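Residues per chain, in single letters:
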Amino acid sequence: MRKRLSEETVKFTDLEGFDWAKEAIEALSKDGVIAGTGAGEFAPGGLVTREQFVKMILEAIEVEASAGDVSFADVTSGAWYE
């Protein structure tokens, strides 16, 4: 089972109008699956990038990162999603 990052629920300041998703967003944040955009914001109306989607899936199923020698033409070396 995933180790919770915090016993406190993260309170994002921009979830107004997204009541249907608020509980899930806060639970996934508490579990370390999502982190928001910073400064207490989640940007619930924003688009999810391919990189963000893959990271959420890997965090949710608890896949550990490993070193490898794979390169993609559209991935900048040193990027957080490399």
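Computed from a predicted model, the values in this text were never measured in an experiment. (Residues numbered from 1 in each chain as written. Predicted model: local features only at pLDDT ≥ 70, side-chain atom pairs only at ≥ 80, totals over all residues. Heavy atoms only, no water.)

Colleague: How should the layout of surface pockets be read in this particular structure?
Modeller: Any empty space left between atoms is shown by rolling a water-sized probe over those atoms. Considering only enclosed or pocket space, the largest pocket measures out at about 930 Å³ in volume. Lining the largest pocket are 23 residues, and of these V54, L58, A65, Y81 and E82 sit closest to its centre. Its residues assigned to classes, the lining of the largest pocket comprises 10 nonpolar, three polar and 10 charged. In this model, the second largest pocket occupies a volume close to 490 Å³. What lines the second largest pocket is a set of 19 residues, and nearest its centre among them are I34, G36, F42, Q52 and M56. Listing elements by their share of the lining of the second largest pocket, those giving two or more residues are α1 (19-30) and α2 (50-60). Among the elements that take part in the lining of the second largest pocket, α1 stands out by supplying four residues, more than any other. (1 Å grid on protein atoms, 1.4 Å probe; cavity = no way out; pocket = protein on both sides within 12 Å on 5 of 7 lines; lining within 4 Å. Points joined across faces, edges and corners; volume = space filled by probe spheres on them. Nonpolar A, V, L, I, M, F, W, Y, C, P; charged D, E, K, R; others polar. Helix = DSSP H or I, 4+ residues; strand = E, 2+ residues; numbered from the N terminus.)

Colleague: I tried to follow the pattern of salt bridges on my own but got confused; where do I start?
Modeller: As a working rule, side chains carrying opposite charge can pair if their charged atoms are close by. Counted under the stated rule, the structure contains two salt bridges. Where K55 meets E59, a salt bridge forms, and the shortest distance between an N and an O atom there is 3.6 Å. Here the residue K55 and the residue E59 both occupy positions in helix α2, the gap between them amounting to four residues, near one helical turn. We classify K55 as partly exposed; its relative accessible area is 36%. (Salt bridge = Lys/Arg side-chain N within 4 Å of Asp/Glu carboxyl O. Buried < 20%, exposed > 50% of the residue type's maximum accessible area, 1.4 Å probe, protein only.)

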